[in-house]
Amino acid sequence: MIRSVMVMNTQGKPRLSKFYDYQVSLSSSSSSFFPVEKQQELIRSVFGVLSSRAENVSNFVEADSIFGPDTRLVYKHYATLYFVFVFDSSENELAMLDLIQGKFLNCDNFVIFFVETLDKCFKNVCELDIVFNYSKLHTILDEIIFGGQVLETSSTEVIKAVEEISKCSLSLSICLSFLFLMCLLESASNAIALVSKSVSSWRSR
Amino acid sequence: MAGSSIMETLFQRNLEDLIKASRQQQVQESLFISKSMDEIRREIKSTDLHTKSVALQKLSYLSSLHGLDMSFASFHAIEVMSSPQFLHKKIGYHAITQSFNDDTPVMLLITNQLRKDLNSGNQFEVSLALECLSRIGNIDLARDLTPEVFTLLSSSKAFVKKKAIAVVLRVFEKYPDAVRVCFKRLVENLESSDPIIVSAVIGVFCELSLKESRSYLPLAPEFYKILVDSKNNWLLIKVLKIFAKLASLEPRLAKRIVEPICEHMRRTGAKSLMFECIRTVVSSLSEYESAVKLAVVKIREFLIDDDPNLKYLGLQALSIIAPKHLWAVMENKDFVIKSLSDGDFNIKLESLRLVMAMVSESNVAEITRVLVSYALKSDPGFCNEILGSILSTCSRNVYEVIVDFDWYASLLGEMARIPHCQKGEEIENQLIDIGMRVKDVRPELVQVSRGLLIDPALLGNPFLHKILSAAAWLSGEYVEFSRNPFELMEALLQPRTSLLPSSIRAVYVQSAFKVSIYCVYSYLLHRENVASSIGYGNQASEVSESVSKKECPESSDLTSEAPAFSEQDEGFNPRDSNQSFEDPSTENNGDVIVTHAQSSTSASLGKSSFTQESIVNLLNLVELALGSLSGSHDVEIQERAKNVLGSIDLIKKEILNPVVQEEQNLVREETEAFNAVKLMRDAFSKELGPVSTSAQERVAVPDGLTLKENLSDLEMICGDAQLPLPNTFSLGSPQYGEKVDEPLSDLQSKDKSESLNESTSLLAEHRKRHGLYYLPSEHGEIVSNDYPPANDPMSQDKVSEDAADLVKLTEQSLASKKKPNHVKPRPVVLKLDGDEIAIAAKKPGLNGDTLSGAVRDVLLGNEALPTSSRSNSSDKPPSKKKGKEKLNTDLPLESQDNLGGEEMPGGTASSRKSKHRSHGKERRHKSLGKNDEQKEDNGQKETQRSNHRHGRHKARQKADGHLNVVAQTPVIPDFLL
């Protein structure tokens, strides 16, 4: 399964982090997932490893020292961002790399990839998109990876689902903003009425 | 109220504002975050759900990316999650999945909301709830929501169905009994026409079989169908993962899948699938020669690819296959060696492992030569990787691959000189280890040590100090092999040794002591011989004088030389002296030396330089160098330095005495000094040998020693008793008995010489408190009475595997007061270890067993159902005995081979047993309502439990029903035969 997904920039600032790991509960005492401090520590150590790696080297890192036994880490460097997937032996290394970018898994109906999907969603994704679309990013990721397993390998399907979900949410927020506007107008007209009243009273005086 | 909340909403910063603001204030990020947190804390208490949800969203953002604790908001998250609005719900669920864990107290409150959402008509709401369950599901949630998950498994919407399938993994993990309910539907989904659904199911099975694969053997036909028919690479990869596990359990299955896998290898263009095929072949199908050959060809393609990822994975595949098919590595040897200088650390490391796999007796020298030259060129990190793997490979199974130890000793010396070397400790251990294990290598070791010691530059590198300590010890211990002890002495006493840490300096001092004793002893031996030969010569000359001078030219030569020797005693140097004089003494000396087991060459070399002058110079040098150390603040150094100075003082008086005396006198006086030196020399030249870690256990308890049966109260003493020990460990690793002994007897000797240091005072204090564990003190002193203090460590160190010697040894070491403490903690530690392992092993085992047990039970029930499609898919007709084989998956599989027409009694027995088991369980559930592993939630949810017991009970009844069917008419097509 996939243990964790991280996106961070080349300065080590996390842009997205998601931990699916509940296997840890067997080794560490009771907590079934990483507490936030631990997560931050993991992100830092991953960044420490990645930043020390040169360009044009292989994209795999043995992550046993960071994430415990039987873990692998695959990363891809795009512009100012690192995309990092941590996984165990039940995933194929190259397939994981495909999940980020896509080069080896060339079969007809499944062309996927996290970055590609992001690209399609944000029209040429850049770091700013990822910074400002925190919840959308999570929605996309949740559609691809569910509980540590890859469930959707078609970016069109993902985009379809994401769009529907945001429609669901959007209708509400439009309604809400409409309500706010109404309230605003109401209070404004009240204020105007108030002013005009006072003006007229002043005049009449 | 409404107005105020609207105003709040209006002026609230939403997530985007927060992010924007945070980007503008990068300088004082922590301040900004704490401000925002105050704001969030205020807003989240709002009664307006929208305000609350926005605050929660901001909070989960900060928590996820800045690592802030959001547990305080868990109740608010539940409130937001229960909102009818989808947007709120989404934010709420996001916060919950991110922050809840088993310790969250309000976890219980979300069960009902989850159930409501799982039953919702909106597929996105269902999906949110499933996602939540898959991330935070615990035993309670898994148990209580199993019926809902079961319903969703047959949902008409693929969007929901695939997530329901994936969530099953978590539910099974937490609540194995759910297997009885859901497993059948899960398997049915394998037949689905939607590839997404099938891939989700296979994903679940892949995870499940990773933990325990035997239970899923009966599903092999389904998996096989996918392997042959599917065109989906993702799916194929997962199926291959499952088969890799199953094939190692069932040889016949392996036979069946070899061909399809090879087919995939030949056809596919997808590297990921290719790699998975290769990995399956090299790890699980390595007996099939043709498949392995094909895989190796494909690996080669990976290796020559430009993509470093493929290179890396290719090397990795090679290292999987290396133990079984070394030829595959040999074939690519050139490439592997070349990869050592690749720019990619991963590739370098992987090829290093492969190179190490190729090491054998015949090529070890060649390979290490190449590696060391690589190590010299590469960066510090990789250099040490290389050195580490050389050291570990060469020392494997007690230096199995090493034939030429002289070479290895010089290699160790060479490695120590590599600038980045940080493997000091390992090299130190090995130097000493081979010194003790391999007698023949000692001269070479001393030679190597000399090289290391006389190089002042090495003293400046702290990583090498450990090696220097070993070198110093070796050259002290085996000084008789040294070609030039004086040079060694200078090296040991050179001023730059002040750079060494005190523990290692103490080793230097001790070694200097050994060397000087050796020199003095050799000198005295030599002088005695000379003296005796002179005596003989004089007598001869007297005789010859009285008889005839010409009769004995040799003795006349001697007589002419002898006075010269005794007169110009100081300046005497055999090297310059007459050859005719040297010959007989060499003979004499040679004899003595042989009896002392010294190599005659080095002895004759050494002997030739032992003159009065050089010895005096040597002793002066020692006095000069160690004089300042006698005031050292480190007790260990001070102690040893004082010992050395004391004995030198003793010796020097004797030696400096002008020996221009009558020969008889000379001989008599010499013997006193000689005896003292001889005693020390004897002690130092006692052989040290390695002791097995279990040696102590084989020693019988000596008479008169009453050991307490129960040592539990020892535990509290052990802590402080062992405290001083690490300081005194100067060299070697604790696995050697004599190393353990050394500090102990050092303590003892210190005790005797009445110089108090912290160890002895601690010991004394300890003895006062726990006198019970000590032997009477006089006993210890009696034993060590006869020897000078410095003698003790070595006299106890004569160790051999011989049991009799060991008994003697322990008698001696038991006499040292420290020993009982030292011996006893070990069993205690061992016991603790065992307990820990047992506990650790128990914990995961429990869950896995229940899960796989449940799976097996259900599979049997499941198979019994009239799954016509499956029985059709197989060409073999269903038969009774085969069904029983399925039941017997636990039994040795060979039994299936020779299963003819006759009934297998085991089959019925086990099926009956399993029936009994489930019946028993059912009964237990009726009365207790709980399984064993759910004890902890007893009394927490009485009402819900009773509700659910019905549902579960029904399901189990169903399963039992199947089981009964199985027992009566097992209809399972055997795919494997």
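An unreviewed UniProt entry lists chain B under the name AP-3 complex subunit delta, with Xanthoceras sorbifolium given as the organism. In its Subunit (unreviewed entry) section, the UniProt record describing chain B reads: "Adaptor protein complex 3 (AP-3) is a heterotetramer." Looking at chain B in UniProt, the text filed under Sequence similarities (unreviewed entry) is "Belongs to the adaptor complexes large subunit family."

An unreviewed UniProt entry annotates chain A as AP complex subunit sigma of Xanthoceras sorbifolium. The annotation that UniProt attaches to chain A under Sequence similarities (unreviewed entry) is "Belongs to the adaptor complexes small subunit family."

A few words now on the overall build of chain A. When helices and strands are tallied, chain A shows eight helices and seven strands. Expressed as a percentage of the 205 residues in chain A, the buried residues total 57%. For chain A, the proportion of contacts with a sequence separation of at least 24, taken over those separated by at least 6, is 48%. Carbon together with sulfur atoms contributes 60% to the accessible area of chain A, which is approximately 8900 Å² in total.

Turning to the overall build of chain B, a few remarks are in order. Counting its regular elements, chain B contains 50 helices and zero strands. Expressed as a percentage of its 977 residues, the buried residues of chain B come to 56%. Contacts spanning at least 24 positions in sequence make up 73% of the contacts within chain B whose residues lie at least 6 apart.

What follows covers the packing of helix 23 (residues 380-394) of chain B against helix 25 (residues 405-416) of chain B. All names here are of chain B. Between helix 23 and helix 25, the shortest axis-to-axis distance is 12 Å and the interhelical angle comes to 160°. For the element pair helix 23 / helix 25, the angle class is roughly antiparallel. In this structure, helix 23 meets helix 25 at a crossing whose hand is left-handed. Only Tyr 408, Leu 411, Leu 412 and Met 415 of helix 25 make contact with helix 23, whose side of the interface consists of Leu 387, Ile 390, Leu 391 and Cys 394. Grouping the constituent residues of the contact of helix 23 with helix 25 by class yields eight nonpolar, no polar and no charged.

With that settled, consider the interface of chain A and chain B. Taken together, the contact pairs 73 residues of chain A with 87 residues of chain B. At the boundary of chain A with chain B, total buried surface from both sides reaches about 6800 Å², with 57% on carbon and sulfur atoms. Here chain A and chain B share six salt bridges between them. Here A:Glu143 makes a salt bridge to B:Lys163, at a shortest N to O gap of 3.0 Å.

With that settled, consider helix 2 (residues 15-24) of chain B. Every buried residue belonging to helix 2 of chain B is among B:Leu15, B:Leu18, B:Ile19, B:Ala21 and B:Ser22, and all of these are buried. Relative to the axis of helix 2 of chain B, the buried residues are bounded by an arc of 165° and lie together on one face. Buried residues along helix 2 of chain B sit in contact with helix 6 (127-132) and helix 7 (134-144) of chain A together with helix 3 (29-43) and helix 4 (49-66) of chain B.

With that settled, the discussion passes to the side chain of B:Ser230. Residue and element names in this part refer to chain B. With respect to the helices, strands and loops of the structure, Ser 230 is situated in the loop between helix 13 (220-229) and helix 14 (233-247). Residue Ser 230 is classed as buried on the basis of its relative accessible area, which comes to 14%. Among the polar contacts made by the side chain of Ser 230, one reaches the main-chain amide nitrogen of Asn 232 at a distance of 3.0 Å. Each residue touching Ser 230, except ones within four places of it in the same chain, is listed here: Lys 225, Leu 235, Leu 236 and His 264.

Attention now moves to the confidence of the model for chain B. Considering every residue of chain B, the mean pLDDT works out to 69; 61% of them sit at 70 or more. For residues 722-759 of chain B, every residue scores under 50 in pLDDT, and the model assigns this stretch 91 contacts once sequence neighbours within four places are set aside.

Turning our attention to the pairing of strand 4 (residues 72-78) of chain A. All names here are of chain A. Most of strand 4 sits out of view: five of its seven residues are buried. Judged from the three bridges that link them, strand 3 (residues 60-62) and strand 4 form a sheet pairing that is antiparallel. Pairing of Val 61 across the sheet is with Leu 73, part of strand 4. Where strand 4 meets strand 5 (residues 81-87), seven bridges bridge the pair, whose relative direction is antiparallel.

Another point: the sheet that holds strand 5 of chain A. Residue and element names in this part refer to chain A. One open sheet holds the five strands; their spatial order is 2-1-5-4-3, and the pairing between them is antiparallel. Edge positions in the open sheet fall to strand 2 (14-19) and strand 3, since each of these has one partner strand only. Going from strand to strand, the sheet's axes swing by 15° on average, the running direction of each strand aside. Two strands pair when backbone bridges link them, and strand 1 (residues 2-9) and strand 2 are joined in this way by five bridges, in the antiparallel orientation. Residue Met 8 lies in a different strand from strand 2, and its bridge partner there is Pro 14. Packed onto the sheet, helix 5 (residues 114-122) meets strand 1, strand 2, strand 4 and strand 5 and runs at close to 135° relative to strand 5.

It is worth spelling out the packing of aromatic side chains at this point. On inspection of all chains with the given rule, the structure shows 18 aromatic pairs over all chains. Centroid distance A:Tyr75 to A:Tyr82: 6.1 Å. Interplanar angle 70°. Geometry classified as edge-to-face. There is no split in this pair, since A:Tyr75 and A:Tyr82 are both buried. Taken together, a centroid distance of 6.0 Å and an interplanar angle of 70° make the contact between B:Tyr399 and B:Phe405 edge-to-face. What links up through ring pairs into an aromatic cluster is the set B:Phe172, B:Phe183, B:Phe205, B:Tyr216, B:Phe223 and B:Phe243. Just above the ring of B:Phe150 sits the side chain of B:Arg185; from NZ or CZ to the centre is 3.9 Å.

Another point: the confidence of the model for chain A. All names here are of chain A. Mean pLDDT over chain A: 75, with 70% of residues reaching 70 or higher. Low pLDDT (under 50) marks residues 23-32, which in the prediction has 17 contacts with non-local residues, meaning those over four places away or in another chain. In the predicted structure, residues 104-112 sits below a pLDDT of 50 and forms 33 contacts with residues beyond four places in sequence or in another chain.

Residues and elements named next belong to chain B. Between its terminal C-alpha atoms helix 12 (residues 195-211) stretches 25 Å, which fits the 24 Å expected from 17 residues at 1.5 Å a residue. The buried fraction of helix 12 is high, at 14 of 17 residues. Capping the start of helix 12, Asp 194 holds a side-chain oxygen 3.0 Å from the backbone nitrogen of Ile 196, two or three residues further along.

All names here are of chain B. With respect to the element layout, Ser 120 can be found in the loop between helix 7 (111-118) and helix 8 (123-136). Side-chain polar atoms of Ser 120 contact the backbone nitrogen of Asn 122, separated by 2.9 Å. Those residues in contact with Ser 120 that lie beyond four places of it in its chain are Glu 125 and Val 126.

A separate point is the pattern of salt bridges. All names here are of chain B. Counted under the stated rule, the structure contains 39 salt bridges over all chains. When the shortest N-O distance is used, the salt bridge between Arg 135 and Glu 131 registers 3.5 Å. Of this pair, Arg 135 and Glu 131 both sit in helix 8, four residues apart, which is roughly one turn of that helix. For Glu 131, a relative accessible area of 7% corresponds to the buried category. For Asp 433, the salt bridge goes to Arg 437, with nearest N and O atoms at 2.8 Å. In this pair, Asp 433 and Arg 437 are both assigned in helix 26 (residues 424-437), four residues apart and thus about one turn of the helix distant.

Bringing the state of the cysteines into the picture now. Following the criterion strictly, the structure yields zero disulfides over all chains and no others. Lacking any disulfide linkage, B:Cys383 is separated from the closest cysteine sulfur, that of B:Cys421, by 7.0 Å.

Let us now look at the packing of helix 4 of chain B against helix 5 (residues 74-81) of chain B. All names here are of chain B. Taken N-terminus to C-terminus, the directions of helix 4 and helix 5 make an angle of 125°; their axes are 10 Å apart at the nearest point. Overall, the two elements helix 4 and helix 5 adopt an arrangement that is oblique. Once helix 4 is placed against helix 5, the crossing between them reads as left-handed. Residue-level inspection shows Leu 49, Lys 52, Ser 53 and Leu 56 of helix 4 in contact with helix 5, the latter providing His 76, Ala 77, Glu 79 and Val 80. Classifying every residue of the contact of helix 4 with helix 5 by side-chain character gives four nonpolar, two polar and two charged.

Here the focus is the environment of A:Glu152. Along the chain, A:Glu152 turns up in the loop between strand 7 (149-150) and helix 8 (155-204). Given the relative accessible area of 4%, A:Glu152 is considered buried. Separated by eleven residues in sequence, A:Glu152 and A:Leu141 place their C-alpha atoms 10.0 Å apart. Within polar-contact distance, the side chain of A:Glu152 engages the side chain of B:Lys162 at 2.7 Å.

All names here are of chain A. In the Ramachandran plot, Asn 56 falls in the positive-phi region, its phi being about 60° despite a non-glycine side chain. By the secondary structure assignment, Asn 56 is in the loop between helix 2 (36-51) and strand 3. Unlike most non-glycine residues, Ala 79 shows phi in positive territory, near 50°. Residue position: Ala 79 is located in the loop between strand 4 and strand 5.

Reading the values: rules and limits
- Residues numbered from 1 in each chain as written.
- Chains lettered and ligands numbered in written order.
- Predicted model: local features only at pLDDT ≥ 70, side-chain atom pairs only at ≥ 80, totals over all residues.
- Heavy atoms only, no water.
- UniProt positions renumbered as here; feature names shortened; annotations may be inferred.
- Helix = DSSP H or I, 4+ residues; strand = E, 2+ residues; numbered from the N terminus.
- Buried < 20%, exposed > 50% of the residue type's maximum accessible area, 1.4 Å probe, protein only.
- Contact = heavy atoms within 4.5 Å.
- Areas by Shrake-Rupley, 256 points an atom, 1.4 Å probe, with all protein chains shown as cover.
- Axes fitted to C-alpha atoms, helices over the stretch in contact; angles between N-to-C directions.
- Parallel < 35°, antiparallel > 145°, perpendicular 65-115°, else oblique.
- Left-handed = near helix turned anticlockwise from the far one by under 90°.
- Nonpolar A, V, L, I, M, F, W, Y, C, P; charged D, E, K, R; others polar.
- Buried area = accessible area lost by both parts, 1.4 Å probe.
- Salt bridge = Lys/Arg side-chain N within 4 Å of Asp/Glu carboxyl O.
- Arc of directions from axis to C-beta.
- Polar contact = N/O pair within 3.5 Å; in protein donor to acceptor, adjacent residues only side chain to side chain.
- pLDDT = per-residue confidence, 0-100.
- Pairing = 2+ DSSP bridges.
- Phe/Tyr/Trp six-rings, centres within 6.5 Å; stacked < 30°, edge-to-face > 60°.
- Lys NZ or Arg CZ within 6 Å of the ring centre and 35° of its normal.
- Expected span 1.5 Å × (residues − 1).
- Disulfide = S-S within 2.5 Å.

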